[in-house]
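# A look at the structure
Letter by letter, the chains look like this.
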Amino acid sequence: MDFRLGEKSEQLRKETRAFLDEVLTEEILETCHETGVNHHPDFAAALRDKGWLALGWPVEAGGQGRDPLEVLAYGEEIQRRNAPVYAIGTTMAVAHVIYDLGTQAQKDEILPKALNAEVLIALGFTEPENGSDAAAAATRAVRAGDSWTISGSKMFTTNAQIADYVFMLARTNPEAPKHRGLTTFLVPLDQPGVEIQAVRTMSGERTNITFYNDVVVADKWRIGEVDGGWNVMATAFAHEHTASFSGEQWRLLEAFEAWARDAVDDNGASKAADPAVRARTGKTRTELEVSALLLRRAVWRKSEGLPVSGEGSMAKLFSTERLEQQASTTLELVGRDGLRARGDATAVQGGRIEHMIRHAKGTTIYAGTSEIHRGIISQHVLGLPRSY
Amino acid sequence: VDLAPNAEQRQLVDAFAALYADLCTPAEIHAAEPHGYDPALWQRLIATGVVAMALPESAGGYGASLVDLCLVAEQHGRHVAPAPVIEAQVAGRLLARLTDGASPLLPEIAAGDRLLTLALRPAVAGRADLVPAGAIADTALVVVDDSVVLMSLAGHATAVDNLGCMPLADVEDVSGEVIASGPGAVEAFATAIDEWRVLTAAALHGIAARSLEIAVDYVKQRQAFGRPLGAFQGVAHRLADRATEVDGAQLLAREAAWSQDAEPSRFATLAAMALGFSAETARDTTYFAVHFHGGYGFMLEYPVQLYFRRARTWGAVLESPADSFRRVGDFRLVEAD
């Protein structure tokens, strides 16, 4: 048994840290926070220059051919520092779908731009009337010769306002069973009939609702078979479901510990000596370790070619649910000054704990709600029947 | 990264799994209550080398790593075995460490002719309370001030009836041969307690893992309102949470065991993390395992209650999860300063 990620991974971790020290400036983080957009062109360009937009892709596809454990070490550092990679992440995930399943023309058009940070792609699965049940998508795509007319709306189309395309799941056959009447398209956003409205979230993140009023899309932008959209989605989801949130837990823990070292109680005793503070510190650190181990196991199994069913769900479920509990109990221990938000001169740790309360709740919802993941685990790991 | 036991370790696991399955049925566990000791099981474990494997080669042992012992402890927990495996292993290793493998007691311990345990806390005013395996051992290692004392328990130990039907005893008038003194002795003892934390964490993982299986089997069979219990999200989703924690507890206990040789600077922290997390996991998993059996889970006749009570006892004789987590916090907040 060996729990180390290995020399290559640790080398890349070191490089990533040095890179972030140099490139991820306060100014970039500030801009992301102010705008609520988890993307920054300068940062994306710097990643491109390192070749890190596609570090896990095969060399012949324009990537660095790094193994999954290296990608994991890189990802742990990126997350821990809250580097703005969300738009890059969705873009490269869709680019990977195109690499796997797209036509040569689609590959020629999209892949060089994606690898060069010259294109952004948003996700368009969720709709106002369906979230977790993505296969219930009602947005229609109707074929007329060589093109499709799309009408409907998509919810939480994060980054649509800066993206070039939305990777969309649309209903092409209303008569077929719901999973078999769907097709995926890469819909160019800069065209008549597309309307993007900002939606603001509790964490300050900007997302969107997007409307498609008879938007015409050439058939060349169809990804995969007609009515084969659910198979395409399986490829795209496989990526999203192996996320973990130990990076957020690190940021919360570091803010809490910094507070504990500075703060004193009414009698002048250090908060770092408070048994409840020490217990919370230790519990958060422990849960962080477990979060990282669960993800490490999922990635290791994948890299060994072992079957993965539910391990990614466990990593996502555990890390987000525990993050939410950590944020709540941390705020209770910090007390009322923890309520002060960023911008207030006396805000605890610059409002980082207050912000984590906002941010943590979202993590249990996106990338598969906790209920979706519990369903996957109970069916595929425990062998229980589908439950209601 | 390699998270899988190697071929030898898989053989080890198979051997102990078969032994426990053979000799450690719910009926035998019941029969061994209230003081949780089955001499026939213990003799078989000794014959299989359960203590000898834990001792260094310099002491005539097999020099097993803590990872190997961790894998055995998982099986031990899965069968809530009434035998003092962890205490005998950890105490034997400590005695070997303190005497450079030269203690004449070591061969007797390995052969099962003598049962050595250890008090988990230093004696206070000549008394060591809730000594694990104290009710069945003949000899114990106890810390008195900055010395480690080897004492005979005859006439000193009083068995304590307890929640987990463990062979616990209070030990009075602590006195005996001083084996070692000074900072080195105290440090060696602290290492032994960390080994005990890791192995107990692994055993608690085993308790949790097996009780989860029992619960899952039951909710697949048992019908209510026209469908299996497991088809209700109120049941299935709670078991999914437990399954996640059970896997996490296993990974963490194994990582802690692995770190003893591979990353010794993290060993003490990981040991405390592992015990705290496994104890919580065993507590919560057995809670739901009993609960989803309904009234049957509360009956002595159903084995699941055996797991429930031990889940709340095996780690708690040293410390609560909150104690373990405070210890982790101390390493970060106090010692890091």
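Preceding this section is the structure that the text describes.
Residue positions are given per chain, counting from 1 as you read along its sequence in written order. Going through the entries in the order they are written, you letter the chains from A and number the ligands from 1. Local features in a predicted model are, by the rule used here, given only for residues with pLDDT of at least 70; side-chain atom pairs are given and counted only at 80 or more, and totals for whole chains, interfaces and linings are based on all residues. Side-chain metrics rest on all non-hydrogen atoms present in the structure, leaving aside hydrogens and water.

### Examining the overall build of chain B
Helix numbers and strand numbers start at the N terminus; a helix is a DSSP run of H or I with at least 4 residues, a strand a run of E with at least 2. For chain B, the helix and strand inventory stands at twelve helices and nine strands. Atoms considered for the radius of gyration are the C-alpha atoms alone. The globule rule reads 2.2 Å times the number of residues to the power 0.38. Relative to the 2.2 N^0.38 estimate, which gives 20 Å for 337 residues, the radius of gyration of chain B is 20 Å and therefore close to what a compact globule would have. Overall, chain B is about 65 × 45 × 40 Å in size when its C-alpha atoms are taken along their principal axes. Buried positions account for 61% of the 337 residues belonging to chain B. Sequence-distant contacts in chain B: of pairs separated by 6 or more residues, those separated by 24 or more amount to 72%. Split by element, the accessible area of chain B, about 12,400 Å² in all, is 53% carbon and sulfur. Charged residues are defined narrowly, with Lys and Arg counted positive, Asp and Glu counted negative, and His plus the chain ends left uncounted. Just so you know, the charge point we use is NZ for Lys, CZ for Arg, CG for Asp and CD for Glu. In chain B, 24 side chains carry a positive charge and 42 a negative one; their mean positions are 9 Å apart. Buried means the residue's accessible area, taken with a 1.4 Å probe over protein chains only, is under 20% of the maximum for its type, while exposed means over 50%, and partly exposed covers the values in between. Two residues qualify as a contact provided that any one of their heavy atoms is within 4.5 Å of a heavy atom in the partner residue. For the accessible areas, the method is Shrake-Rupley and the probe is 1.4 Å, while residue cover comes only from the protein chains on display.

### Quick look at the side chain of B:Thr285
Among the structural elements, B:Thr285 can be located in helix 9 (residues 267-291). Not counting residues within four places of it along the chain, the set of residues in contact with B:Thr285 comprises B:Ala208, B:Ser211, B:Leu212, B:Arg242 and B:Val246.

### Some thoughts on empty space enclosed by the protein
Residue and element names in this part refer to chain B. Only protein atoms enter the 1 Å grid used here. Points where a 1.4 Å probe fits but cannot escape make up a cavity, open sets with protein on both sides within 12 Å along at least five of seven lines make up a pocket, and a residue lines them when an atom lies within 4 Å of a point. Grid points are joined across faces, edges and corners, and a volume is the space filled by probe spheres set on the points. A full pass over the atoms with the stated rule returns one cavity of 30 Å³ or more. Within this model, the largest cavity holds a volume of roughly 220 Å³. Residue contributions to the lining of the largest cavity peak at three residues, all from helix 5 (residues 85-98). Within the lining of the largest cavity, the residues separate by chemical class into 14 nonpolar, four polar and two charged. Polar here means any residue outside two lists: the nonpolar Ala, Val, Leu, Ile, Met, Phe, Trp, Tyr, Cys and Pro, and the charged Asp, Glu, Lys and Arg; Gly therefore counts as polar.

### Thoughts on the interface of chain B and chain A
Listed by partner, the interface residues are 50 residues for chain B and 44 residues for chain A. Once two parts are put together, the accessible area they lose, assessed with a 1.4 Å probe and summed over both, is termed the buried area. Note on chain B versus chain A: buried area summed over both sides is about 4,400 Å², and carbon and sulfur give 66% of it. Summed over the three residues of chain B that lose the most area to chain A, namely B:Val1, B:Arg332 and B:Leu333, the buried surface amounts to 18% of that side. Only one rule defines a salt bridge in this text: a Lys or Arg side-chain nitrogen within 4 Å of an Asp or Glu carboxyl oxygen. Our enumeration of links across chain B and chain A arrives at seven salt bridges. Residues A:Glu257 and B:Arg332 are paired through a salt bridge, measuring 2.4 Å at the closest nitrogen-oxygen approach. Definition of a polar contact: a pair of N or O atoms within 3.5 Å, with one able to donate and the other able to accept a hydrogen when the atoms are protein atoms, and with sequence-neighbouring residues admitted only if both atoms are side-chain atoms. The interface formed by chain B and chain A holds 16 residue pairs in polar contact (both at pLDDT 80 or more) in total. Secondary structure elements with two or more residues in the side of chain B that touches chain A: helix 4 (66-78), helix 7 (183-221), strand 9 (227-228), helix 8 (233-262), helix 9 and helix 12 (321-333) of chain B. Ranked by residue count, the leading element in the side of chain B that touches chain A is helix 8 of chain B, at 17 residues.

### Here's the deal with the pairing of strand 2 (residues 140-144) of chain A
Residues and elements named next belong to chain A. DSSP-based pairing: two strands are paired if at least 2 bridges between them are found. The pairing of strand 2 with strand 3 (residues 147-155) spans five bridges and is antiparallel. Pairing of Ala 141 across the sheet is with Ile 150, part of strand 3. Here strand 2 folds back onto strand 3, and the loop between the two strands holds two residues, one of which, Gly 145, carries a positive phi near 65 degrees.

### Looking at helix 6 (residues 104-115) of chain A
Think of an α-helix as turning once every 3.6 residues; residues three or four places apart then point the same way. All names here are of chain A. Residue count minus one, scaled by 1.5 Å, sets the expected span of a helix. With twelve residues, helix 6 ought to run about 16 Å at 1.5 Å a step, and its terminal C-alpha atoms sit 16 Å apart, in line with that. Contact partners of the buried residues in helix 6: helix 5 (86-101), strand 1 (121-124), strand 4 (165-171), strand 5 (182-188) and strand 8 (222-223). Within two residues after helix 6, Ala 117 carries a phi angle of roughly 60 degrees, on the positive side.

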